[in-house]
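Understanding the architecture of this molecule
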Amino acid sequence: MSPLHRAIHARAGELAPALAAFALLLCLFSGYFMLRPVRETMGIAGGVENLQWLFSATFIAMLVAVPAFGWLNARVPRRVFLDWVYLFFASHLLAFAWLLWRIPDPLWTARAFYVWLSVYNLFVVSLAWSLLADVFDRQQAKRLFPAIAAGASLGGLLGPLAGGLLAGHLGAAGLLMLAATLLLPTLLLRRWLMTWRATDGAGRPGAETEPPERPVPGNPFAGIGLVLGSPYLLGICAFVLLLTCTSTFLYFEQARRVAELFPNRTQQLRVFSLLDFTVQALSLACQLFVAGRVAQRFGVTALLGVVPLLVALGFLALALLPQFAVLAVVMVVRRVGEYAFIRPGREMLFVPLGAQRKYRAKNVIDTLVYRGGDAMSAWLKTLLDAIGLGAALVALVGAGIALAWSLLGWRLGRWHERGITAQEVGP
């Protein structure tokens, strides 16, 4: 075994697919994080006091997008479904590039782009992880997913760096065109991974048996029915809702503080880029050197339960010392924990499930439930601010939510580790 095999816990025949999966996430996240600072400045440009409306608009967009996704999923073979969706989003990136080129600084285009990118990133990432949950079995996922997820963090490092270097030459429109181009290599990587799954990966213990040449059956709303009929999937839904609640509380407070402390748009862009760079650098280090060892030794339970507990402690620190530096540290801890530990752990929860739950139910949770949680949390934060509870009391509410999130993470991890029964999965 080579040092690289040992570093990522890969066994014979697993290095090439692990690297292909790593590269797929690298391309996706490089493009997204190139555009993320642009989205954040556009959100502030529309007024921090209006962010809850953008979150609500994103949720409404999800209500339209999820049934359309389900309709297409029932008609396009799983083998090429990712290609169709990614090419669809690439065409939208090119359309926004044209709009920004023709109308450089329009308020409503900025708001539309904010909502669209919030839909785009969840769909492309959810579908990528559905593919990986399809390709790798349970044991492979536990060993390889933390290292594979490092591709997302490396993309999160390279994307803002490339965006900062090229923005002056290409402008926002050029960055959108470059992000669309980065979707193209993912199509080749998807093809290679599905071929490996059908040949070298076939016949492994716990391998998915449903042929990828056929579409995933069901009506456009089948994913919602699968979620509602499964205690296990409802538990994942609750976990995601608590995650979004804590992240939205912190996100709104970050936007408010940045708008107050850094009124210049260029300064805001630099602050968001610096935070993104710090988060991705720490995430990459944790994914390569820590998360895999934690998953191997302590299992999915530790991946899902420890980070929310740290976030609860962070909220308590904010209640005692409500300063921007403390907020920045808590934001970094939450995001690093999500990318390096929670995201791989959450994806492992879907590996033992069938194709319908990996593609349909998972997509509902990753998109509709996630953005619904964002919208609900945004209005809850707005209500708490409106009734004048004060930053300290709001932070205490956040600590309580994070504690419930941690307890549910431990529960889901134990559910997964002992094996999920047919009754828990649902009909």
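Summarised in this report is the structure supplied together with it. (Residues numbered from 1 in each chain as written. Predicted model: local features only at pLDDT ≥ 70, side-chain atom pairs only at ≥ 80, totals over all residues. Heavy atoms only, no water.)

1. So, the packing of aromatic side chains
Per the counting criterion, the structure on display carries 23 aromatic pairs. Seen in terms of ring centroids, Phe55 and Tyr251 are 5.7 Å apart; in terms of plane orientation they differ by 45°. Their pairing is tilted. Within this pair, whereas Phe55 is found in helix α3 (residues 51-73), its partner Tyr251 is found in helix α9 (residues 231-261), the two being separated by 196 residues in sequence. Among the residues examined, Phe55 registers a relative accessible area of 9% and is labelled buried. Relative to Phe145, the ring of Trp129 has its centre 5.1 Å away and its plane inclined at 65°; by these criteria the two rings are edge-to-face. One end of the pair, Trp129, is in helix α5 (residues 107-135); the other, Phe145, is in helix α6 (residues 138-182), and 16 residues separate them in sequence. Neither Trp129 nor Phe145 differs from the other in exposure class; each is buried. An aromatic cluster is built from Phe69, Phe81, Phe88, Phe89, Phe96, Phe113, Trp116, Tyr120 and Phe123, whose rings are joined through pairwise contacts. A cation over a ring is seen here: Lys362 above Phe350, with NZ or CZ 5.4 Å from the ring centre. Positioned above the aromatic ring of Trp415 is the side chain of Arg411, whose terminal nitrogen or guanidinium carbon lies 4.9 Å from the ring centre. (Phe/Tyr/Trp six-rings, centres within 6.5 Å; stacked < 30°, edge-to-face > 60°. Helix = DSSP H or I, 4+ residues; strand = E, 2+ residues; numbered from the N terminus. Buried < 20%, exposed > 50% of the residue type's maximum accessible area, 1.4 Å probe, protein only. Lys NZ or Arg CZ within 6 Å of the ring centre and 35° of its normal.)

2. Focus: the pattern of salt bridges
Following the criterion strictly, the structure yields 16 salt bridges and no others. Ionic pairing is found between Glu338 and Arg334, a salt bridge with its closest N-O pair at 2.5 Å. Residue Glu338 and its partner Arg334 are both found in helix α12 (residues 324-348); the two are separated by four residues, about one turn of the helix. Neither Glu338 nor Arg334 differs from the other in exposure class; each is buried. (Salt bridge = Lys/Arg side-chain N within 4 Å of Asp/Glu carboxyl O.)

3. Here's the deal with a nonpolar patch on the surface
A cluster of nonpolar side chains, namely Val306, Leu310, Leu313, Leu316, Val329, Val333, Leu393, Leu396 and Trp410, defines an oily patch on the protein surface of about 750 Å² accessible area. Contributions of two or more residues to the nonpolar patch are made by α11 (300-320), α12 and α14 (391-418). Here the element with the most residues in the nonpolar patch is α11; it accounts for four residues. Examined against the element boundaries, Val329 turns out to sit in helix α12. (Patch = residues over 30% accessible without salt bridge, like charges linked within 9 Å, V, L, I, M, F, W, Y side chains within 5 Å. Areas by Shrake-Rupley, 256 points an atom, 1.4 Å probe, with all protein chains shown as cover.)

That is the geometry; function is a separate question.
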